[in-house]
Amino acid sequence: MEVLRGEGVLIKPCAGKDHRELVEMSNLDLIASPIYNKVVYVFEAPTPSSKVLKEGLAKVLAEFREWAGRYTKDTPSGCLGINLNDEGALVIEGEADGTIADAMPFHPSAFLLKLVPPTSTVVINELLLMQFTRFTCGGLAIGIASHHHVADGQAATFFLNCWGEIIRGESIIPPVHDRSLLKARDPPQPCFDHYEYNTISHEHSTITSSLTTKMFHFDAMFLQKLKSKVNGSDKSRKPYTTFEILVAYIWKCITEARGLDGDVQTKASISVDGRKRLNPPLPKEFFGNAVYDSSAQTSASEIINNPLEFTAHLIHKSIAKVDDNFIRSAIDFFELRKQSLGPSKDNDGIDVIATSWMNFPTHNFHFGMGEPVYVGPSLMLIEGLIILFDSDTNVGGVEVVVCLSKEHMIQLEHYCFQV
């Protein structure tokens, strides 16, 4: 299916009460991956007109002015910040030459990239870009590219839900913009080893073959089998979560698919939301990044030769350690490296990078004419990336998007459903 894009227009915020001029990034903002998070929402007819969508967007941008601003390094610290100059978010309109039914089933692919505005790897202008694509059946796809330095997935979803509420004529809960809630202590007092953010080099050769992405469907019955296998034997501990077990399982399958063995060290990086883990917790309306990338690490042979419970325990420990003391220590650790902050994820065909969209209130984003029939990432070609989100079609099921080299993806398809 072809998609024809039109010219983009800048949507500027309506006048509001927010008189800030500058947002200085927190340390958790600065260590976020410097990428646009790209997600697609698909709605069946009827759908709002583009005029209604743009008017609502202008109103919600008045509450979330960061999206309409531009990056600057003219900040007190000399680090990245956002100039709240209200230059606007970019909106492109497009037309698809087919129906939603023609395009289904939706999954991360080159086609979904056509439904999201193209972006540069170097941000020089817009921090938020959108594309409204109309299908011949009257359906609508809204493709969103939001820069990760500005907000994490929870915050971006909150913004979209507010946009939907405004168009539905409802009042919104204002966002909390105080990023000083995540400021470092004076003086900084890191008290843990935050090795996740040290550069790690492996001797294993980097994979150079082309990457591919596939979405795996795990229904409720399959997940229950996994849970019974991992949680059934030990009644003395709290059961591991679906996320912990499924990431452990996929990590093990990928390790086998890659043919890793012996003492080769492999790492699972897990994005942990710190909002509820801080003391006091961050307000649920907090707008920014509150994620720490924790990690579990062991040898390939340990993963392959041990029961799945072993790997699930590693995942569980890496998540459980991220509490208030740990996050505050991390923020202080980053403060001491402030001028050189950045993510340190390896892309060498050994590790996996797991992030969860499970329990995100994505289906709260609608315009009063029906919830989206599809919500998911477009296409993110990052070696070892794993994205988990709740299934739209199978109640209790989980969709897992995996990115691997083509040769290893073929092997993963062989291993992935052998419980």
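For the structure itself, look to the data block above.
Residues numbered from 1 in each chain as written. Predicted model: local features only at pLDDT ≥ 70, side-chain atom pairs only at ≥ 80, totals over all residues. Heavy atoms only, no water.

Caption draft 1: A look at the overall build of the protein chain. Broken down by element type, the protein chain carries 11 helices and 15 strands. Against the 2.2 N^0.38 benchmark of 22 Å for 419 residues, the protein chain shows a C-alpha radius of gyration of 22 Å, consistent with a compact globule. Taken along the three principal axes of its C-alpha coordinates, the protein chain extends 60 × 60 × 45 Å. Across the protein chain, the fraction of contacts at a sequence separation of at least 24, relative to all contacts at a separation of at least 6, is 81%. Carbon and sulfur atoms make up 52% of the accessible area of the protein chain, which amounts to about 18200 Å² in all. A distance of 3 Å separates the average location of the 38 positive side-chain charges in the protein chain from that of its 51 negative side-chain charges. (Helix = DSSP H or I, 4+ residues; strand = E, 2+ residues; numbered from the N terminus. Rg over C-alpha atoms; globule rule 2.2 N^0.38 Å. Contact = heavy atoms within 4.5 Å. Areas by Shrake-Rupley, 256 points an atom, 1.4 Å probe, with all protein chains shown as cover. Lys, Arg positive; Asp, Glu negative; His and termini not counted. Charge placed at Lys NZ, Arg CZ, Asp CG, Glu CD.)

Caption draft 2: Fine view of the environment of Asp263. In this fold, Asp263 is placed in the loop between α7 (242-257) and β10 (265-273). Of the residues examined, Asp263 reaches a relative accessible area of 69% and is grouped as exposed. Considered as a pair, Asp263 and Pro239 are 24 residues apart in the sequence and their alpha carbons are 29 Å apart. (Buried < 20%, exposed > 50% of the residue type's maximum accessible area, 1.4 Å probe, protein only.)

Caption draft 3: Representation of the packing of aromatic side chains within the structure. Summed over all chains, the structure comprises 23 aromatic pairs. Ring centres of Phe132 and Trp163 lie 6.2 Å apart, and the angle between their planes is 25°; on these two criteria the pair is classed as stacked. Here the residue Phe132 occupies a position in strand β7 (residues 128-134), and Trp163 occupies one in helix α5 (residues 153-167), the gap between them amounting to 31 residues. On the basis of an interplanar angle of 85° and a centroid distance of 5.1 Å, the ring pair of Tyr292 and Phe326 is categorised as edge-to-face. Of the two residues, Tyr292 is situated in strand β11 (residues 291-299) and Phe326 in helix α10 (residues 324-335); the sequence distance between them amounts to 34 residues. By relative accessible area, Tyr292 is classed as buried at 2%. Judged by relative accessible area, which is 2%, Phe326 ranks as buried. Across the ring face of Phe216, the terminal group of Lys214 is positioned such that the distance to the ring centre comes to 5.6 Å. Positioned over the ring face of Tyr240 is Arg237, at 3.8 Å from the centre of the ring. (Phe/Tyr/Trp six-rings, centres within 6.5 Å; stacked < 30°, edge-to-face > 60°. Lys NZ or Arg CZ within 6 Å of the ring centre and 35° of its normal.)

Caption draft 4: How the structure looks around the nonpolar core. Phe218 and Leu412 are the most contacted members of the largest nonpolar core, which has 57 residues in total. Considering each element in turn, this core owes the most residues, 11 residues, to α7. Filtering out sequence-adjacent residues up to four positions away, Leu412 remains in contact with Phe216, Cys253, Ile254, Ala257, Val402 and Leu404. Counting 53 residues, the second largest nonpolar core, distinct from the first, contains Met130, Leu140, Ile166 and Phe360. (Core = buried A, V, L, I, M, F, W, Y, C linked by side-chain atoms within 4.5 Å.)

Caption draft 5: Examining helix α11 (residues 406-415) more closely. Of the positions making up α11, those classed as buried are His408, Met409 and Leu412. Seen from one end, α11 has its buried residues packed into an arc of 105°, which puts them on one side. Looking at the buried side of α11, the elements it contacts are β9 (211-218), α7 and β15 (398-405). (Arc of directions from axis to C-beta.)

Caption draft 6: Representation of the sheet that holds β11 in the model. Here we have six strands laid out as an open sheet, ordered β9-β15-β14-β12-β10-β11, and mixed in their pairing. The sheet terminates laterally at β9 and β11, the two strands that pair on one side only. Sheet twist, expressed as the average angle between the axes of neighbouring strands with direction ignored, equals 20°. For β10 and strand β12 (residues 352-356), the ladder comprises three bridges, and the chain directions are parallel. Looking at the pairing, Ile270 lines up with Ala354 of β12. (Pairing = 2+ DSSP bridges. Axes fitted to C-alpha atoms, helices over the stretch in contact; angles between N-to-C directions.)

Caption draft 7: Expanded view of the pattern of salt bridges. A full pass over the atoms with the stated rule returns 19 salt bridges. A salt bridge links Arg20 to Glu66; the nearest nitrogen and oxygen atoms lie 3.2 Å apart. Taken together, the positions of Arg20 in the loop between β1 (3-11) and β2 (22-24) and Glu66 in the loop between α2 (50-61) and β4 (70-72) put the pair 46 residues apart, joining distant regions of the chain. When its relative accessible area of 0% is taken as the criterion, Glu66 is described as buried. The closest approach of N and O atoms between Arg185 and Asp332, which form a salt bridge, is 2.5 Å. With Arg185 in the loop between α5 and β9 and Asp332 in helix α10, this residue pair connects regions lying 147 residues apart in the sequence. Assessed through its relative accessible area of 32%, Arg185 is described here as partly exposed. Asp332 sits in the buried class, given a relative accessible area of 0%. One salt-bridge network, held together by shared partners, links Asp18, Arg20, Arg65, Glu66 and Asp86. (Salt bridge = Lys/Arg side-chain N within 4 Å of Asp/Glu carboxyl O.)

Caption draft 8: Fine view of empty space enclosed by the protein. In the structure shown here, the tally under the stated rule is three cavities of 30 Å³ or more. When its volume is computed, the second largest cavity comes out at roughly 40 Å³. Along the walls of the second largest cavity sit Phe43, Glu44, Pro46, Thr47, Pro48, His366, Phe367, Met369 and Gly370, which together make up its complete lining. Taken together, the residues that form the lining of the second largest cavity break down as five nonpolar, three polar and one charged. (1 Å grid on protein atoms, 1.4 Å probe; cavity = no way out; pocket = protein on both sides within 12 Å on 5 of 7 lines; lining within 4 Å. Points joined across faces, edges and corners; volume = space filled by probe spheres on them. Nonpolar A, V, L, I, M, F, W, Y, C, P; charged D, E, K, R; others polar.)

Keep in mind these numbers describe shape, not what the thing actually does.
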